[in-house]
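Now for the letters of each chain:
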Amino acid sequence: MSPAAPDRTLGQAAVTGTRGAVRRLRRWLRRPLTSLHLILGVFGLLTLFGLVMVLSASSVGDGSSYSVFTRQLMFCAVGLVLFYVGLRVPPRRLRAAAPVLLIIGLVALVLVLIPGIGAVRGGARSWFAFGPVSLQPSEGVKIALTLWGAHVLAARRAVMHRWKHALNPVVPVTLVIFTLLVLEPDLGMTISVGIIMFALLYFGGAPVKLLALIAGGGLAGAVILGLTAGYRASRITAFLSSSADPLGPAYQATQALYALADGGLFGVGLGQGRAKWDYLPNAHNDFIFAIIGEELGLVGAGAVLALFATLAYTGMRIAARNTDPWLRIVVATSTAGLVVQASINIGYVVGLLPVTGLQLPLISSGGTSLVVTMFLFGLLTNAARHEPEAVAALRKDGQGRLAKLLRLPLPQPYRAPAPVSRWAAR
């Protein structure tokens, strides 16, 4: 046997092993409950990772080293309750409640603007303060808009090619929300709601020309809003100018890049980062990805990117495999909102975008954002259980011990509503 024969044998074994692994992966992806397992895995890993990083990034602040982490842990407990609610409530009931939830959200956005009722945090009157606890109603409005917008667009999917039906009433209602958010003012949340509106129209089947027009108008509006306030204009100027004062408006972005550079491939070690020692403001909030890069290196940052990439794949998989039009739009829009928000946050931390103040979902500290996002994951998990193949499997083979312990009802197959006659529609 020639000397090259062993090398060829090893190479063939490696190729055979790789092909076998790919076949096993494909078989696993074809299983009826794969989406459910994937979304639960992503949710659990992001939640645990976020708690660990909040503890690490906030442990050097004023007062107790555990104050921020303790508050985050309390909101996480509330979020788990809402995760269970999102998981357990039948989709048809959520859809029926969507208009009421939107009205409540709009009233809350009006009330928060009234001095004496709304509290100012970070220069924006966008909070309800109850002693040491603060709640941001705009976070809940995003979900209400998603549920209600999907309800309207799913009912109009046959006429979405007409601009009049595609625009009204989702876009006018969103413009009202924009106005209330600008009055706070909260540019980051305005951008987040704009992403939700665009995703609703896209997945609802709006014409491409209309989407392009809305995208152009939204970009122009964001630039105008960014340039009309001094602190926002300074952020944009610092992003565009290579000669911006590193101790001025570009301070946070510059310190974030220093932290990422210090991390290297494997990081300096969990809890060993230096940027959080008052070098990087909001290290446990908007810029927590910089702490991840510093302490866990490129490997840790890559793990976060992989989790959000898995979320994008899983969410779109759940949307594609569902037969309920409303649920498909809700899942696709929610997934897009979470992934795009994460992309914007990571983008401005690594210097690719101007700073906007959007948080990294499930990882940044922030009570309202955490609770709302956990409810959203409960809804995504609920949708995974309502995939037709998952419904059939759960009803045939029964649910697992955990589902029985949580007293989750068996998912019901989707039944399209009976067509309404033209005479009855009048």
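Residues numbered from 1 in each chain as written. Predicted model: local features only at pLDDT ≥ 70, side-chain atom pairs only at ≥ 80, totals over all residues. Heavy atoms only, no water.

Trainee: Explain the overall build of the protein to me, please; I cannot follow it from the model alone.
Mentor: Summing up its helical and strand segments, the protein has 17 helices and three strands in all. In the protein, 70% of the contacts between residues at least 6 apart in sequence involve partners at least 24 apart. Surface summary for the protein: the accessible area is close to 21,400 Å², and the carbon and sulfur share equals 67%. (Helix = DSSP H or I, 4+ residues; strand = E, 2+ residues; numbered from the N terminus. Contact = heavy atoms within 4.5 Å. Areas by Shrake-Rupley, 256 points an atom, 1.4 Å probe, with all protein chains shown as cover.)

Trainee: What exactly am I supposed to notice about a positive patch on the surface here?
Mentor: A cluster of like positive charges, contributed by Arg-19, Arg-23, Arg-24, Arg-26, Arg-27, Arg-30 and Arg-31, occupies part of the molecular surface. The residue Arg-26 is located in helix H1 (residues 4–29) in this model. According to the relative accessible area criterion, Arg-26 is exposed, its value standing at 53%. (Patch = residues over 30% accessible without salt bridge, like charges linked within 9 Å, V, L, I, M, F, W, Y side chains within 5 Å. Salt bridge = Lys/Arg side-chain N within 4 Å of Asp/Glu carboxyl O. Lys, Arg positive; Asp, Glu negative; His and termini not counted. Charge placed at Lys NZ, Arg CZ, Asp CG, Glu CD. Buried < 20%, exposed > 50% of the residue type's maximum accessible area, 1.4 Å probe, protein only.)

Trainee: How should the packing of helix H4 (residues 91–111) against helix H7 (residues 170–183) be read in this particular structure?
Mentor: A pair of packed helices is captured by two measures, namely the crossing angle of their axes and the spacing between those axes. Where H4 meets H7, the axes come as close as 10 Å, and the angle between the chain directions of the two elements is 25°. Viewed along their axes, H4 and H7 adopt a mutual orientation that is roughly parallel. The handedness of the crossing between H4 and H7 is left-handed. When H4 is examined against H7, the residues Leu-102, Leu-106, Leu-109 and Val-110 are found in contact with a partner set consisting of Val-173, Val-176, Ile-177, Leu-180 and Leu-181. Residues belonging to the contact of H4 with H7 are distributed by class as follows: nine nonpolar, no polar and no charged. (Axes fitted to C-alpha atoms, helices over the stretch in contact; angles between N-to-C directions. Parallel < 35°, antiparallel > 145°, perpendicular 65-115°, else oblique. Left-handed = near helix turned anticlockwise from the far one by under 90°. Nonpolar A, V, L, I, M, F, W, Y, C, P; charged D, E, K, R; others polar.)

Trainee: I keep staring at the environment of Ile-114 and nothing clicks. Help me out?
Mentor: Within the secondary structure, Ile-114 sits in the loop between H4 and strand E1 (118–121). With relative accessibility at 35%, the residue Ile-114 sits in the partly exposed group. Sequence separation between Ile-114 and Ser-126 is 12 residues, and the spatial gap between their C-alpha atoms is 10.0 Å.

Trainee: What exactly am I supposed to notice about helix H8 (residues 187–204) here?
Mentor: Count 3.6 residues to each turn of an α-helix, and residues three or four apart come out pointing the same way. Taking 1.5 Å as the rise per residue, H8 with 18 residues should run 26 Å; its terminal C-alpha atoms sit 25 Å apart, in good agreement. When you tally the buried positions in H8, you get 14 out of 18 residues, the bulk of the element. One side-chain oxygen of the residue at the start of H8 lies 3.4 Å from the amide nitrogen of Gly-188, identifying that residue as Asp-186. Phi for Gly-205, located one or two positions after H8, is positive at around 95°. (Expected span 1.5 Å × (residues − 1). Polar contact = N/O pair within 3.5 Å; in protein donor to acceptor, adjacent residues only side chain to side chain.)

Trainee: When you look at the pattern of salt bridges in this model, what are you seeing that I'm missing?
Mentor: If charged atoms from side chains of opposite charge come close, those side chains can pair. Per the stated rule, a full pass over the model turns up five salt bridges. Taking the shortest distance from any N to any O, the salt bridge between Glu-139 and Lys-142 comes out at 3.3 Å. Taken together, the residues span about one helical turn, with Glu-139 and Lys-142 both in helix H5 (residues 137–155) at a distance of three residues. The class of Lys-142 is buried, set by a relative accessible area of 12%. Put simply, Arg-274 and Asp-262 hold a salt bridge, and the shortest N to O gap is 3.7 Å. With a gap of 12 residues between them, Arg-274 in the loop between helix H11 (251–263) and helix H12 (288–321) and Asp-262 in helix H11 connect regions that are remote in the sequence.

Trainee: Is there a simple way to explain the packing of aromatic side chains in this structure?
Mentor: The relative placement of two aromatic rings is captured by the distance of their centres and the angle of their planes. For the structure on display, the rule yields four aromatic pairs. Here the aromatic rings of Phe-43 and Phe-377 are separated by 5.4 Å at their centres, their planes lie at 35°, and the arrangement is tilted. Of this pair, Phe-43 sits in helix H2 (residues 34–58) while Phe-377 sits in helix H14 (residues 367–385), placing them 334 residues apart in sequence. Take Phe-43 and Phe-377: they sit in the same class, and that class is buried. Aromatic pair Tyr-202 and Phe-203: ring centres 5.0 Å apart, planes at 85°, arrangement edge-to-face. Judged by its relative accessible area of 29%, Phe-203 is partly exposed. Members of the aromatic cluster, each reached through a chain of ring pairs, are Phe-43, Phe-83 and Phe-377. (Phe/Tyr/Trp six-rings, centres within 6.5 Å; stacked < 30°, edge-to-face > 60°.)

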